[in-house]
Amino acid sequence: MIDGGIRENVPWKELKMLGVKKVLNVTFEDEVDANCCKNLIEVASRSIGLICRELAIYEMEGSEDVLKIKSNKIGLLDMDKLDELYWLGYHQTKKQIKWIKNLI
């Protein structure tokens, strides 16, 4: 079973409780920007982003199989970037297909 999430809560624990034997979690991750914020709005936005990142890390603790796909600063609401996320996922999955097949 494949479960996806973009830096959000991934319900793999609930799937395991329902009896699913194998769960492949697919996450899209961007790199943390180390640049300093320029104004109060950027500070607030960055704070929320860091909280979401830490929550996602907490939610993934104990997960056995995770396919992490690196993306460049694509936010949760960047609907115009869905095609880019699709292609990133497609190409990363092709690269990792042997590993994925071994999970089954």
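Here the structure is a predicted model, which is why all the values come from computation and not from measurement. (Residues numbered from 1 in each chain as written. Predicted model: local features only at pLDDT ≥ 70, side-chain atom pairs only at ≥ 80, totals over all residues. Heavy atoms only, no water.)

## Some details on empty space enclosed by the protein
Next, step 1: The full count for this structure, using the stated rule, is one cavity of 30 Å³ or more.
Next, step 2: Roughly 30 Å³ of internal volume is contained in the largest cavity.
Next, step 3: If you trace the largest cavity, you find it lined by Trp 12, Lys 16, Val 23, Asn 25, Ser 63, Glu 64 and Asp 65.
Next, step 4: Here the residues of the lining of the largest cavity are counted per class, giving two nonpolar, two polar and three charged. (1 Å grid on protein atoms, 1.4 Å probe; cavity = no way out; pocket = protein on both sides within 12 Å on 5 of 7 lines; lining within 4 Å. Points joined across faces, edges and corners; volume = space filled by probe spheres on them. Nonpolar A, V, L, I, M, F, W, Y, C, P; charged D, E, K, R; others polar.)

## Structural notes on the pattern of salt bridges
Next, step 1: Applying the stated criterion to the full structure yields one salt bridge.
Next, step 2: With its nearest N and O atoms 3.7 Å apart, the salt bridge here joins Glu 64 to Lys 16. Of this pair, Glu 64 sits in the loop between helix H2 (40–60) and strand E3 (65–71) while Lys 16 is found in helix H1 (residues 12–17), placing the two residues 48 residues apart along the sequence.
Next, step 3: Since its relative accessible area comes to 56%, Glu 64 is described here as exposed.
Next, step 4: Here Lys 16 falls in the partly exposed class, since its relative accessible area comes to 27%. (Salt bridge = Lys/Arg side-chain N within 4 Å of Asp/Glu carboxyl O. Helix = DSSP H or I, 4+ residues; strand = E, 2+ residues; numbered from the N terminus. Buried < 20%, exposed > 50% of the residue type's maximum accessible area, 1.4 Å probe, protein only.)

## Examining the packing of aromatic side chains
Next, step 1: Counted under the stated rule, the structure contains three aromatic pairs.
Next, step 2: Taken together, a centroid distance of 5.3 Å and an interplanar angle of 80° make the contact between Tyr 86 and Trp 87 edge-to-face.
Next, step 3: Since its relative accessible area comes to 45%, Trp 87 is described here as partly exposed.
Next, step 4: Between the aromatic rings of Tyr 86 and Tyr 90, the centroid separation amounts to 6.4 Å while the plane-to-plane angle is 15°, which identifies the pairing as stacked. Placement of the pair is Tyr 86 and Tyr 90 together in helix H3 (residues 82–95), with a separation of four residues, close to one helical turn.
Next, step 5: Its relative accessible area of 36% is what places Tyr 90 among the partly exposed residues.
Next, step 6: Clustering of aromatic rings is evident, with ring pairs tying together Tyr 86, Trp 87 and Tyr 90. (Phe/Tyr/Trp six-rings, centres within 6.5 Å; stacked < 30°, edge-to-face > 60°.)

## Quick look at a nonpolar patch on the surface
Next, step 1: A grouping of Tyr 86, Trp 87 and Tyr 90 is seen on the molecular surface, where their side chains present a nonpolar patch of about 350 Å² in accessible area.
Next, step 2: With respect to the element layout, Trp 87 can be found in helix H3. (Patch = residues over 30% accessible without salt bridge, like charges linked within 9 Å, V, L, I, M, F, W, Y side chains within 5 Å. Areas by Shrake-Rupley, 256 points an atom, 1.4 Å probe, with all protein chains shown as cover.)

## Things to note about the nonpolar core
Next, step 1: Core analysis: the largest hydrophobic core is formed by nine residues, namely Leu 24, Val 26, Phe 28, Leu 67, Ile 69, Ile 74, Leu 85, Ile 100 and Leu 103.
Next, step 2: Among the secondary structure elements, those contributing two or more residues to this core are strand E2 (24–30), E3 and helix H4 (97–103).
Next, step 3: The element contributing the most residues to this core is E2, with three residues.
Next, step 4: Here Ile 100 is in contact with Leu 24, Leu 67 and Thr 93, once residues within four sequence places are set aside. (Core = buried A, V, L, I, M, F, W, Y, C linked by side-chain atoms within 4.5 Å. Contact = heavy atoms within 4.5 Å.)

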